[in-house]
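# Geometric and topological summary
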Amino acid sequence: MSMEPQEPGFETRVRESFARQAFMATLGAALARVTPGEVEIELPVRAALTQQHGSVHAGAIASVLDSAAGYAALSLMPADAAVVSVEFKVNLLEPARGERVVARGRVLRAGRTLYVCIAEAIAFDGGRETRVAALQGTMMCLLGRGVSG
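The paragraphs below set out a description of the structure included in this document.

Each value, and the rule that gives it
Residues numbered from 1 in each chain as written. Predicted model: local features only at pLDDT ≥ 70, side-chain atom pairs only at ≥ 80, totals over all residues. Heavy atoms only, no water. Helix = DSSP H or I, 4+ residues; strand = E, 2+ residues; numbered from the N terminus. Buried < 20%, exposed > 50% of the residue type's maximum accessible area, 1.4 Å probe, protein only. Areas by Shrake-Rupley, 256 points an atom, 1.4 Å probe, with all protein chains shown as cover. Pairing = 2+ DSSP bridges. Axes fitted to C-alpha atoms, helices over the stretch in contact; angles between N-to-C directions. Contact = heavy atoms within 4.5 Å. Arc of directions from axis to C-beta.

## A look at the overall build of the protein
- If you tally the helices and strands in the protein, you get three helices and six strands.
- Written out in order from the N terminus, the α and β elements of the protein read α-α-β-β-α-β-β-β-β.
- The C-alpha extent of the protein, read off along each of the three principal axes, is 45 × 25 × 25 Å.
- Per-residue burial over the protein gives 44% buried out of 149 residues.
- When the accessible surface of the protein is totalled, it reaches about 7,500 Å², and 52% of it is carbon and sulfur.

Put into structure tokens, the structure is as follows:
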């Protein structure tokens, strides 16, 4: 499905908003790809993000999935808009192990106010790729709040 952004500077706006997210910086997450209605966030795996069994903590996985879905939605919103999550559900499919996890977010339906999104997390371990989690969520467009992102 092709999605049309409502403003030509959507990629810059998404990247600037992401750069203001202190929590993503704390996790070490980086915005890898931004296209209309789709975003990828890379999370390098390090010991500080693991739980007691050695895999990446579900909270870190859920956070990058949420941000990937939210920024996919923001990429389609008007220039003066900001995005917030209204709700989401995460299915944890496999332990996340390896060098990095990539969260790929995509808009399924862009409404006037609500955007239905999905995201999946893929763990890269050497040459092996494993789908480790999936999110379905709803993001809200907040008009007139774009300055603070």
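From this point, things continue past the structure.
## Thoughts on the sheet that holds strand β6 (residues 128-143)
- What the six strands build is an open sheet, ordered β1-β2-β4-β5-β6-β3; its pairing is antiparallel. Only two strands of the sheet have a single neighbouring strand rather than two, namely β1 (30-35) and β3 (81-92). With strand direction ignored, the average angle separating the axes of adjacent strands in the sheet is 25 degrees.
- Pairing between β3 and β6: eleven bridges, direction antiparallel. Directly across from Glu87, in β6, lies its bridge partner Thr138.
- Where helix α1 (residues 10-19) meets the sheet, its contacts fall on β1, β2 (38-44) and β3, and the angle it forms with β1 comes to roughly 160 degrees.
- Strand contacts of helix α3 (residues 58-74): β2, β3, β4 (100-110), β5 (114-125) and β6, with the helix running at about 40 degrees to β4, the strand carrying the most contacts.

## Observations concerning the pairing of β5
- Here ten bridges tie β4 to β5, and the two strands are oriented antiparallel to one another. Bridged to Ala110 within β5 is Tyr115.
- Linking β4 back to β5 in an antiparallel pair, the connection comprises three residues.
- Both β5 and β6 contribute to a ladder of twelve bridges, which runs antiparallel. Along β6, the bridge assignment pairs Ala123 with Thr130.

## Here's the deal with α1
- Among the residues of α1, those classed as buried are Phe10, Arg13, Val14, Ser17 and Phe18. Seen along its axis, α1 keeps its buried residues to an arc of 130 degrees; they face one direction.
- Buried residues belonging to α1 abut α2 (22-27), β1, β2, α3 and β3.

## A short note on the side chain of Thr130
- Structurally, the position occupied by Thr130 is in strand β6.
- Given the relative accessible area of 17%, Thr130 is considered buried.
- When near neighbours in sequence (up to four residues on either side) are disregarded, Thr130 contacts Glu94, Ala121, Ile122 and Ala123.

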